[in-house]
Amino acid sequence: MDTAPSPLTDATAAAPADRHRRKVATAAALASAVEWYDYFVFGIAAALVLGDLYFPSGSSSAGVLAAFATFAVGFLARPVGGVIAGQLGDKRGRKPMLVLALTMMGLATTGIGLLPTYETIGIAAPVLLVLLRVVQGIAVGAQWGGAMLMATEYAPEGKRGLYGSLVQLGVPIGVVTANTVFLVAGATTSESAFASWGWRVPFFVGVLVLVLAWYIHTRVEETPAFREAERALAAQEKGAARSPLRTILTRHLGTVFLAGGSFAVNTATFYIIITGVLDYATRELGMERSAVLTVSLCVSLTQLVLIPASAALSDHIGRLRIYAAGAVGLLVWAVPMFLLIDTKSLLWLAVGTFVTSCFLSVMYGPQAALFAELFTAEMRYTGASLGYQIAAVFGGGLAPFMMVLLLEATGTSMAVSAYIVGLAVIALISIRILANRARADRPEDVRSS
């Protein structure tokens, strides 16, 4: 049960040296890590301080909702980044778009750290915060496709899943680093100092992203698969205009939506446990902020092992087999997870989110290679990015906001569990359709290489 992969490497050119493969894979992984770090510090800050500082109101829930709505705005902007970078990345190359995405993210994140609050500049504060969050969204929407393709298109045959998982590791690395920096900031400042300036320190790390952008621009070469696609396109009739986006929208839109549907439960559940649960456990259950952040950090550390392990396994037994197993796990575990969290015990909170994180890792490991294999080289950046970012909008971006709304409307965390279950069902249906398509396309071999 799996996709029939499209070729990710140039079969006619000499294979890149192993040393160069490792350098590119490391650069792509670092790009993903620093980009996601910058993106996640906003989510943590939204759960802890941004509501009071930029959206003052008489209700703590209203302030958190406004902060999470701003968090979601970044997700709404992600498909824009995916479309723009996809079009240019499929025409001009993977590397330039990755460098541009890193530069935008570094500038936007540093800008948030410097932004005055509502008390200082009034309504301009939340307006500017939203605009900077939009820039973050566009940047991360552009980044994922570039970093993922830099890794998978340089991967040796039979190791696409493993190489793609190096980019996926950027997510838990970003979470661990963001939580660590916030823990240090909270531990070294008083409550008033943290609310005044301590929360800004994690955003200043965004300056380092600009250094990495410069390194990739000057030291990393374009991928072999893009160079081969570029040569093939140059040989076509010069008058034939090429639009990867038009090709995707007219011929492969179904595949894009199926990819998005398969991933929405993963990204929604992920943001629920790293931002929604942080708000819920501290504001509703009265648990200590530093303790909950520490649990989130430790749980994310386990993904550093599980993501590459599941990706490597997918190289041998197929992407969608592994992917479906993770989706089934999320469906089954959605209710027990919140039953454990509701005990208000730090131990059971850790157990509930740890098991959830295991199922997320099982899905997340093979995802980069899976999405890359759904599209050919000349439209891969556009198609894979759109599928990923559609899921990010309707899954991840709305998840913390939906969690607060569901808790306020129903008074029970079981409503959030039902939300996860519904997305898991959609994922399994999407996976089944993709598997059936693969069987129809390649009945003699439906397993991914």
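One can find the structure itself at the top, above this paragraph.
Sequence order as written defines the numbering, with residues in each chain counted from 1. Two thresholds apply to this predicted model, a pLDDT of at least 70 for residue-level local features and 80 or more for giving and counting side-chain atom pairs, whereas whole-chain, interface and lining totals are computed over all residues. As a convention, hydrogens and water are excluded, and side-chain values are obtained from all of the structure's heavy atoms.

A word on the overall build of the chain
Numbering goes from the N terminus for both helices and strands, where a helix is a DSSP run of H or I of at least four residues and a strand is a run of E of at least two. Helix and strand counts for the chain stand at 19 helices and 0 strands. Categorising residues by exposure relies on relative accessible area from a 1.4 Å probe, with only protein chains included: less than 20% of the type maximum marks a residue as buried, more than 50% marks it as exposed, and the intermediate range marks it as partly exposed. Relative to its 449 residues, the chain shows a buried fraction of 59%. Element-wise, carbon and sulfur atoms account for 67% of the exposed surface of the chain, whose accessible area totals about 16,600 Å². For every accessible area listed, the method is Shrake-Rupley and the probe measures 1.4 Å; residues are considered covered only by the protein chains on display.

Describing the packing of aromatic side chains
For this analysis, a ring pair means two rings from Phe, Tyr or Trp (six-membered ring only for Trp) whose centres lie within 6.5 Å, classed as stacked if their planes differ by under 30 degrees, edge-to-face if by over 60, and tilted for the remaining angles. Tallied over the full model, the rule gives 8 aromatic pairs. Plain terms: the ring middles of Phe 263 and Tyr 364 are 5.9 Å apart, the flat faces sit at 20 degrees to each other, and that makes the pair stacked. Remark: Tyr 364 occurs in helix 16 (residues 346-373) and Phe 263 occurs in helix 13 (residues 253-284); sequence separation between them is 101 residues. When its relative accessible area of 2% is taken as the criterion, Phe 263 is described as buried. Taking the relative accessible area as the measure of exposure, Tyr 364 reaches 6% and is therefore buried. Pairing Phe 263 with Phe 371 gives two aromatic rings, centres 6.3 Å apart and planes at 75 degrees, and the pair type is edge-to-face. Residue Phe 263 is found in helix 13, and its partner Phe 371 is found in helix 16; the two are separated by 108 residues along the sequence. Phe 371 carries the same exposure label as Phe 263, and that label is buried. Within the aromatic cluster, the residues linked to one another by ring pairs are Phe 263, Tyr 364, Phe 371 and Tyr 388. For a lysine, the NZ atom is tested; for an arginine, the CZ atom; a charge sits over a ring if that atom is within 6 Å of the ring centre and within 35 degrees of the ring normal. Sitting over the ring of Phe 42, Arg 133 keeps its end group 4.5 Å from the ring centre.

Section: the pattern of salt bridges
In what follows, salt bridge is the name for a side-chain nitrogen of Lys or Arg lying within 4 Å of a carboxyl oxygen of Asp or Glu. For the structure shown, the criterion picks out 6 salt bridges. Note that Glu 373 is salt-bridged to Arg 160, the shortest N-O span being 3.1 Å. In this pair, Glu 373 sits in helix 16 while Arg 160 sits in helix 6 (residues 160-168), placing the two residues 213 residues apart along the sequence. The residues Glu 373 and Arg 160 share a single accessibility class, namely buried. What emerges from the salt-bridge pattern is a single network uniting Arg 160, Asp 315, Arg 319 and Glu 373.

A look at the side chain of Thr 382
Considering the arrangement of structural elements, one finds Thr 382 in helix 17 (residues 380-397). For Thr 382, a relative accessible area of 0% translates into the label buried. Apart from the residues lying within four places of it in its own chain, the contact partners of Thr 382 are Gly 86, Gln 87, Asp 90, Pro 244, Leu 245 and Ile 248. Contact definition: two residues touch when any of their heavy atoms are within 4.5 Å.

Concerning unusual backbone geometry
One non-glycine residue, Lys 344, lies in the positive phi region at around 65 degrees. For Lys 344, the position within the fold is in the loop between helix 15 (319-341) and helix 16.

Quick notes on the packing of helix 12 (residues 244-251) against helix 17
Angles run from 0 to 180 degrees between N-to-C directions of axes, and those axes are lines fitted to C-alpha atoms, restricted for helices to the stretch in contact. Two elements in contact, helix 12 and helix 17, have axes separated by 8 Å at closest approach and are oriented at 55 degrees. Of the possible angle classes, the one that applies to helix 12 and helix 17 is oblique. In the packing of helix 12 onto helix 17, the handedness of the crossing is right-handed. Note on element contacts: helix 17 touches helix 12 through Thr 382, Gly 383 and Leu 386, opposite Pro 244, Leu 245 and Ile 248. Angular relationships are summarised with four words: roughly parallel below 35 degrees, roughly antiparallel beyond 145, roughly perpendicular across 65 to 115, and oblique for the angles in between. For a crossing to be left-handed, the near helix must be turned anticlockwise from the far one by less than a right angle; the clockwise case is right-handed.

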